[in-house]
Amino acid sequence: MSEGERNLRVVLDGSDASRQLQAVLSHATPAGELYILVGLRRCDSAAYQKIFASLARPNDDVEVARGCMISREPFRQLLSQIQDGRFDDYLSQRPW
């Protein structure tokens, strides 16, 4: 599990997850922005929609860990996958 996923899971277990996620958004890396969107989509759909609509969409690639494989994927592609709900069930699963 990546450090970003571990941190997101900790925040989502708290009672003020939406506030915490929104508070760090302005300082987040592109990968962090994606984690924040995944978390907000899960805990606060109104905040998610607002931030999704206003978020810059860089052409940069982001480092991604899928299982034991680490690769780089386009930010915009990952953003689209979040919008499509691809990660919605993932956080419901227990980590290894």
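The structure we're discussing is the one just above.
First, a word on scope: everything that follows refers to the structure included in this document. Keep in mind that what you see is a predicted model, and the values were worked out from it rather than measured.

So, the packing of helix α2 (residues 17-24) against helix α3 (residues 30-43)
So, step 1. Where α2 contacts α3, the axes come no closer than 10 Å and their chain directions differ by 155°. For the element pair α2 / α3, the angle class is roughly antiparallel. Once α2 is placed against α3, the crossing between them reads as left-handed. Where α2 approaches α3, its residues Ala17, Ser18, Leu21, Gln22 and Val24 are matched on the opposing element by Ile36, Gly39, Leu40 and Cys43.

Section: the nonpolar core
So, step 1. If you look at the biggest cluster of nonpolar residues, it comprises 24 residues, and the most contacted ones within it are Leu21, Leu34, Leu37, Leu40, Leu79 and Ile82.
So, step 2. Secondary-structure elements contributing two or more residues to this core are α1 (3-12), α2, α3, α4 (45-54), β1 (61-66) and α5 (75-83).
So, step 3. The element contributing the most residues to this core is α3, with five residues.
So, step 4. With residues near it in sequence (within four places) discarded, Leu37 still touches Tyr48, Ile51, Phe52, Leu55, Leu79 and Ile82.

The rules we used
Residues numbered from 1 in each chain as written. Predicted model: local features only at pLDDT ≥ 70, side-chain atom pairs only at ≥ 80, totals over all residues. Heavy atoms only, no water. Axes fitted to C-alpha atoms, helices over the stretch in contact; angles between N-to-C directions. Helix = DSSP H or I, 4+ residues; strand = E, 2+ residues; numbered from the N terminus. Parallel < 35°, antiparallel > 145°, perpendicular 65-115°, else oblique. Left-handed = near helix turned anticlockwise from the far one by under 90°. Contact = heavy atoms within 4.5 Å. Core = buried A, V, L, I, M, F, W, Y, C linked by side-chain atoms within 4.5 Å. Buried < 20%, exposed > 50% of the residue type's maximum accessible area, 1.4 Å probe, protein only.

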